[in-house]
Protein chains: 2
Amino acid sequence: MPPDSSETKRRLLESAAAEFSRYGLAGARVDRIAHNAQANKQAIYAHFGSKDQLFERVLDDHLRALVDAVPFTPGDLAGYAGASFDHLTEHPELMRLSMWRYLEHGEEEDQQPALDRMAAKVRAVADQQRAGSVDDTIDPLDIMVLVIALSTAWTLTAPALLGFGPDPRRLDEQRALVVSSVARLTAPAAFAAASSG
Amino acid sequence: MPPDSSETKRRLLESAAAEFSRYGLAGARVDRIAHNAQANKQAIYAHFGSKDQLFERVLDDHLRALVDAVPFTPGDLAGYAGASFDHLTEHPELMRLSMWRYLEHGEEEDQQPALDRMAAKVRAVADQQRAGSVDDTIDPLDIMVLVIALSTAWTLTAPALLGFGPDPRRLDEQRALVVSSVARLTAPAAFAAASSG
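What counts, and at which threshold
Residues numbered from 1 in each chain as written. Chains lettered and ligands numbered in written order. Predicted model: local features only at pLDDT ≥ 70, side-chain atom pairs only at ≥ 80, totals over all residues. Heavy atoms only, no water. Helix = DSSP H or I, 4+ residues; strand = E, 2+ residues; numbered from the N terminus. Buried < 20%, exposed > 50% of the residue type's maximum accessible area, 1.4 Å probe, protein only. Contact = heavy atoms within 4.5 Å. Areas by Shrake-Rupley, 256 points an atom, 1.4 Å probe, with all protein chains shown as cover. Lys, Arg positive; Asp, Glu negative; His and termini not counted. Charge placed at Lys NZ, Arg CZ, Asp CG, Glu CD. Salt bridge = Lys/Arg side-chain N within 4 Å of Asp/Glu carboxyl O. Least-squares fit on C-alpha atoms with pLDDT ≥ 70 in both. Phe/Tyr/Trp six-rings, centres within 6.5 Å; stacked < 30°, edge-to-face > 60°. Lys NZ or Arg CZ within 6 Å of the ring centre and 35° of its normal.

Summing up its helical and strand segments, chain A has 11 helices and zero strands in all. Tracing chain A from N to C terminus, the helices and strands come up as α-α-α-α-α-α-α-α-α-α-α. Projected onto its principal axes, the C-alpha positions of chain A cover 65 × 40 × 35 Å. The buried share of chain A, taken over its 197 residues, is 47%. Contacts in chain A between residues far apart in sequence, at least 24 positions, make up 65% of those at least 6 positions apart. By element, 52% of the accessible surface of chain A is carried by carbon and sulfur atoms, the whole surface being about 9,400 Å². Between the centroid of the 20 positive side chains of chain A and the centroid of its 28 negative side chains there is a distance of 6 Å.

So this is what it looks like as structure tokens:
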């Protein structure tokens, strides 16, 4: 590889993220990715193998960036939701890449592998329930779904179903609402009663 | 048109819904839609014009079915969320069609038209806030986003981001959680305090 190989690779990944976010895997054009990265198609195949592999790499990188920026904190689900809101608002392409991946991948018959991927988080929530810090009347998997639905309300649900994203003039207010909503829904019943009286 | 024209049309719409839900607009194959409807491609063009128009017709029909089955009830947002959960669980293709429409349509620069489409619902929620039946400390547009995010947590967010849908063995429990979550988040502060003590 030439000395500027890592710089070319970085430009290709950036160009690919924009292309895949906009057009998905099937609709993405390898020559447009190369052109926008001031590289050639051969560089893509040399660095990443295929268009499919490049898509997976881009999605993996974006998911890893989310996990690095927003560690899962089962003891502070509201804070986790707020930090997720921040990251996804700053990186809206992640939600589009995830939706493309889901739609283009087809529906899986067996949902068990997906449930298995959530198992560690669900166990951590169950631990918090046993410790009395999270409402134990709600199934811990359902808690995760609620937290994620609220975290992504403005970056996934509203764009996909309503056609608009977070309001740049009211970001703080919308973030605070996500945080307070998760806090209200997951607080143990006794705490909710005591704090609202 | 031959006498069986409306029956052919019905079969084509059913076949098209399955095809578009699975493959999106660009990926859908008109000959596959025709084949699965035991019709020919010409029938599609005669009845619907083009593949694009057929997609819009299918999405419109599904959205109209949702609106018919689940009228918006600003005075009972929790009930609205529960009824939405029911309809979307029974018709998961609507969420996929909506996501395809959003992703393939590209991102709109101007979000105002989308906000305008929500204006009547937002005004109705604001009326409820003035009447004291909905928490008036939350922006009424944000209330709508929360309600819709919770209504679609198991049919949009969980499938797209986590890879699984509602649990068929726990549908009642998951529906009840959507209803109670919307009730808790939208109840006026005074009511929440009185009812939780």
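All names here are of chain A. Scanning all chains against the criterion turns up 32 salt bridges over all chains. Among the ionic pairs, Arg 11 bridges to Glu 7, the shortest N-O distance being 3.6 Å. On the criterion of helical spacing, the pair formed by Arg 11 and Glu 7 is a turn pair, its members being four residues apart in helix H1 (residues 5–27). According to the relative accessible area criterion, Arg 11 is partly exposed, its value standing at 22%. Classification of Glu 7 by relative accessible area gives partly exposed; the value is 33%.

Once chain A is rotated about the relating axis by 180° and shifted along it by 0.0 Å, it coincides with chain B to within an RMSD of 0.0 Å. Here the two chains are linked by the operation of a two-fold rotation axis. An overlap of 100% is found between the interface residues of chain A and their copies at the interface of chain B, pointing to a shared contact surface.

Bringing the packing of aromatic side chains into the picture now. All names here are of chain A. Scanning the model with the defined rule gives seven aromatic pairs over all chains in all. On the basis of an interplanar angle of 80° and a centroid distance of 4.9 Å, the ring pair of Phe 72 and Tyr 80 is categorised as edge-to-face. By relative accessible area, Phe 72 is classed as partly exposed at 22%. Between Lys 121 and the ring centre of Phe 72, over which it is positioned, the NZ or CZ distance is 5.6 Å.

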